[in-house]
Amino acid sequence: MEVIKYAFEPHGDDRGQLVAIEAQLDIPFEVRRVYYIYDTLAGVRRGFHAHQDLEQILVCVHGSCKIHLDNGYETAEVVLDKPHEGLYISNDMWREMYDFSPDAVLLVLASRHYDEADYIRDYEVFLKMVHDKETNQ
Ligand code: TYD
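The notes below deal with the structure included here. The written sequence of each chain sets the order in which its residues are numbered from 1. It should be noted that, the model being predicted, local features are given only for residues of pLDDT at least 70 and side-chain atom pairs only at 80 or more, the latter also being counted only at that level, while totals for whole chains, interfaces and linings use all residues. With hydrogens and water stripped out, all remaining heavy atoms of the structure feed into the side-chain values.

## Digging into the state of the cysteines
Definition in use: A pair of sulfur atoms, both from cysteines and within 2.5 Å, is called a disulfide here. Only protein chains enter the calculation, and the probe is 1.4 Å; a residue is then buried if its accessible area is under 20% of its type maximum, exposed if over 50%, and partly exposed in between.
One pass over the full model with this rule turns up zero disulfides. Take cysteine 60: it sits in no disulfide, and the sulfur closest to it among the cysteines is that of cysteine 65, at 4.0 Å. Judged by relative accessible area, cysteine 60 falls into the buried class, the value being 0%. A residue is classified by how much of its surface remains accessible, and cysteine 65, at 1% relative accessible area, is buried.

## Some points on the pattern of salt bridges
Once their charged atoms are close, side chains differing in charge can pair, the charge on each being opposite to the other. To be explicit about the condition: We define a salt bridge as a contact between a side-chain nitrogen of Lys or Arg and a carboxyl oxygen of Asp or Glu at a distance within 4 Å. Secondary structure elements follow DSSP: runs of H or I of four or more residues count as helices, runs of E of two or more count as strands, with numbering from the N terminus.
Taken as a whole, this structure holds nine salt bridges when the rule is applied. The partner of glutamate 96 in a salt bridge is arginine 45, with the nearest N and O atoms 2.8 Å apart. Here the residue glutamate 96 occupies a position in strand 8 (residues 94-98), and arginine 45 occupies one in the loop between strand 2 (33-37) and strand 3 (46-51), the gap between them amounting to 51 residues. Residue classification places glutamate 96 among the buried positions, given a relative accessible area of 11%. The class of arginine 45 is partly exposed, set by a relative accessible area of 36%. With a closest N to O distance of 3.1 Å, aspartate 53 and arginine 112 form a salt bridge. Pair noted here: aspartate 53 is in the loop between strand 3 and strand 4 (56-62) and arginine 112 is in the loop between strand 9 (105-110) and strand 10 (119-120), with a separation of 59 residues, a long-range link.

## So, the site of the ligand
Let me state the cut-off plainly: We call a residue near a molecule or strand when any one of its heavy atoms sits within 4 Å of it. Pairing of N or O atoms within 3.5 Å defines a polar contact, subject to two protein rules: one partner must be a possible hydrogen donor and the other a possible acceptor, and residues neighboring in sequence count only if both atoms are side-chain atoms. All accessible areas in this document rest on Shrake-Rupley with a 1.4 Å probe, and a residue is counted as covered only by the protein chains that are shown.
The environment of the ligand is made up of Arg33, Tyr35, Arg46, Gly47, His49, Tyr114, Tyr119 and Arg121. In this structure, an oxygen atom belonging to the ligand sits 3.2 Å away from a main-chain N or O atom of glycine 47. The side chain of arginine 121 places a nitrogen or oxygen atom 3.2 Å from an oxygen atom of the ligand. Here the ligand loses 59% of its free accessible area of 530 Å² to cover by the protein chains. The set of elements that each furnish at least two residues to the shell around the ligand consists of strand 2 and strand 3. Considering every element that reaches the shell around the ligand, the biggest residue donor is strand 3, with three residues.

Take a look at the structure:
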């Protein structure tokens, strides 16, 4: 599976680092929502869903975590441990987040407002949906 990562430019100087992410310039969509996950307890695995119509960029702005991706055919494990690196996740991609370091802050930029109806939370339903789409192409 092709894992799409964005390398953002750290504007470092003798004061420290600054990263800017501009919608539709540094990432391919307009940002309508930002959320972040932190204080994740040891051993927690979360996510366990896909979206029908949502693009996201995940940036572990502090600490580290891992992302399990599954497109219904292939899987990938992605380490996020750099505040200047973003993982792009489009629709129809099952994701799970795990191995959060105690200090991890996972920032998510999303193309749409929160909409529970957009979630696919049943893995079997997800598999059927992507396989049906492939068959009907
Ligand atoms: P949840 O979907 O369980 O997180 P994960 O992506 O790790 O599976 O979300 C946790 C709670 O936060 C749940 O009550 C829904 C709420 N929430 C919002 O209100 N807005 C959001 O943008 C997100 C992502 C979640």
